[in-house]
Amino acid sequence: MQSQYHNVWFVNFSGTGNGIVAAPILRCFEESYPRINYYHTENQVLADPWFLKKAGLKNLKGFNPSTWRRFKKENWPAINSFIKEKNIDLIVNLRNEGPRYDTGYYQFKEEACRKNTPLAFWDWDFRIIEHRTKHQNLTGDILEFFKAKGVDIAIYNPKWLNAIRRTKDQKGVGFGMAASQTNKRWPTVKWIELARKILTDSDEKIVFLPGQSEREIEEAELAIQDIGKEGYKLIINESVGDIALRIGELKCFVSNDTGFLHMAVAIGVPTIGLYVSTNSEIWSPYDKTNLFVLQNSFITKCPDLKPHCGNCFHYYDVCPAIAKYGDDISSDEVYKIISRQLIY
């Protein structure tokens, strides 16, 4: 398919999960527009040659700093230099915040249009999104958005990492305790309760994947102290590619709403997603095969929700609803799914 554009900049969130979600969608874009080079917000998945090969991506030429994604005015000179240097002629915004919250981007766009800058923009229609009566999945929205722009999404493959799934001798129950924000983490005491149930009723080991921050590792070590030395593996300081291989060996995976969850689903590992502070209707993986979603109902009590974004204004600090009510996802509920559906 011919295109009037030559160099595209995809503005996106920068998390591991966003890279896992974006990769097969970018593959569709490349298939439809094979002569377009493109750039993307920095992302450790998309920067890894191993993942690029698995996704079949060839035209990704570089990255921009993640701090630019909000288009703060102090970054505009650097952003304009980047656009000029890379000959960007189209910006595609994949962030689901819209004019109400993504104000810097829309101010930048307005300024570019006022100056008749030779730059096009692809944006979602938030006049529709902000007034929906029912939330829709973010990945599904991106696919429909691309389809409307002429991208052939027929080749979209949500299980693009399935080739690394171990087909026999799968071992262990993975605990995806990692999450970039504290609000998104299921309490350590509940992980401990779940571990006790699994170790009491099965021979499976618990494989902890706690992330890289000191606090996340401390939480995993607290759980390990409780369950003893024989019943666990602790995975830290490994590359994101090696973590993917580790997840592919598991019998099942329990995870906060984080990149490891999206990775497990893309691999094809039966996965239980714990949505403590985010809306699973929006942020859960698009493909629900072997995915079991548990939602904290108390998030609706937050006084500062961003409804169509699937989170709240307290994403980076303490959510008042979680501080007051906690979450209503029980270890018993998780264990029932593990024992009934995934392992025994």
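A short tour of the structure in this document, coming up. Every chain is numbered independently, its residues counted from 1 as its sequence is written. The predicted nature of this model means local features are confined to residues of pLDDT at least 70 and side-chain atom pairs, given and counted, to a pLDDT of 80 or more, with totals for whole chains, interfaces and linings taken over all residues. Side-chain numbers here rest on the full set of heavy atoms in the structure, without hydrogens or water.

## Some remarks on the nonpolar core
Right, so step 1: Residues Trp9, Ile91, Phe146, Ile247 and Met263 are the most contacted members of the largest nonpolar core, which totals 79 residues.
Right, so step 2: Listed in part, the 31 residues of the second largest apolar core include Val173, Ile192, Ala195 and Ile272. As used here, the term nonpolar core means buried Ala, Val, Leu, Ile, Met, Phe, Trp, Tyr and Cys residues forming a set that is joined through side-chain atoms within 4.5 Å. Buried means the residue's accessible area, taken with a 1.4 Å probe over protein chains only, is under 20% of the maximum for its type, while exposed means over 50%, and partly exposed covers the values in between.

## Structural notes on empty space enclosed by the protein
Right, so step 1: Within this scheme a cavity is a closed region of a 1 Å grid, computed over the protein atoms alone, that accommodates a 1.4 Å probe without allowing it to escape, whereas a pocket is open but has protein on both sides within 12 Å along at least five of seven lines; lining residues each have an atom within 4 Å of a point. Grid points are joined across faces, edges and corners, and a volume is the space filled by probe spheres set on the points. On inspection of all chains with the given rule, the structure shows 3 cavities of 30 Å³ or more.
Right, so step 2: Secondary structure elements follow DSSP: runs of H or I no shorter than four residues count as helices, runs of E no shorter than two count as strands, and numbering proceeds from the N terminus. Listing elements by their share of the lining of the largest cavity, those giving two or more residues are helix H1 (16-32) and helix H11 (259-267).
Right, so step 3: A per-class count over the lining of the largest cavity returns 10 nonpolar, 2 polar and 1 charged.
Right, so step 4: There is about 50 Å³ of room inside the second largest cavity.
Right, so step 5: For this scheme, ten residues count as nonpolar: Ala, Val, Leu, Ile, Met, Phe, Trp, Tyr, Cys and Pro. Four count as charged, namely Asp, Glu, Lys and Arg, and the remainder, Gly too, count as polar. When its residues are assigned to classes, the lining of the second largest cavity shows 4 nonpolar, 5 polar and 1 charged.

## Structural notes on the pairing of strand E9 (residues 252-256)
For a regular strand, side chains alternate in direction, first toward one face of the sheet and then toward the other.
Right, so step 1: For E9, a buried count of 5 out of 5 residues is recorded, marking the element as mostly surrounded by other parts of the structure.
Right, so step 2: Every second residue of E9 is oriented toward a common face, with Cys252, Val254 and Asn256 on one face and Phe253 and Ser255 on the other, all of them buried.
Right, so step 3: In this analysis, strands are considered paired if DSSP registers two or more bridges between them. Pairing of E9 with strand E10 (residues 271-275) involves 4 bridges; the strand directions are parallel. Across the sheet, Asn256 pairs through a bridge with Leu274, a residue of E10.

## As for unusual backbone geometry
Note on backbone geometry: most residues besides glycine have negative phi, and most peptide bonds are trans.
Right, so step 1: One non-glycine residue, Asn116, lies in the positive phi region at around 55°.
Right, so step 2: Since its relative accessible area comes to 65%, Asn116 is described here as exposed.
Right, so step 3: Despite not being glycine, Asp169 shows a phi value in the positive range, around 55°.
Right, so step 4: With respect to the secondary-structure elements, Asp169 resides in the loop between helix H7 (138-148) and strand E6 (173-176).
Right, so step 5: For Asp169, a relative accessible area of 55% gives the class exposed.

## Focus on the packing of helix H10 (residues 240-248) against H11
Geometrically, a packed helix pair is captured by the angle between its two axes and the distance between the axes.
Right, so step 1: It is the contact of H10 with H11, at a shortest axis distance of 10 Å, that shows an interaxial angle of 55°. When the axes of H10 and H11 are compared, the pair comes out oblique. Seen along the crossing, H10 lies across H11 with a hand that is right-handed. Listed contacts from H11 to Val240, Ile243, Ala244, Ile247 and Gly248 of H10 are Phe260, Met263, Ala264 and Ile267. Geometry is summarised by axes, namely lines fitted to C-alpha atoms with helices restricted to the contacting stretch, and by angles between N-to-C directions that run from 0 to 180 degrees. Roughly parallel refers to an angle under 35 degrees, roughly antiparallel to one over 145, roughly perpendicular to one between 65 and 115, and oblique to any angle outside these ranges. A crossing counts as left-handed when the near helix is turned anticlockwise from the far one by less than a right angle, and as right-handed when that turn is clockwise. Should any heavy atoms of two residues lie within 4.5 Å, those residues are considered in contact.

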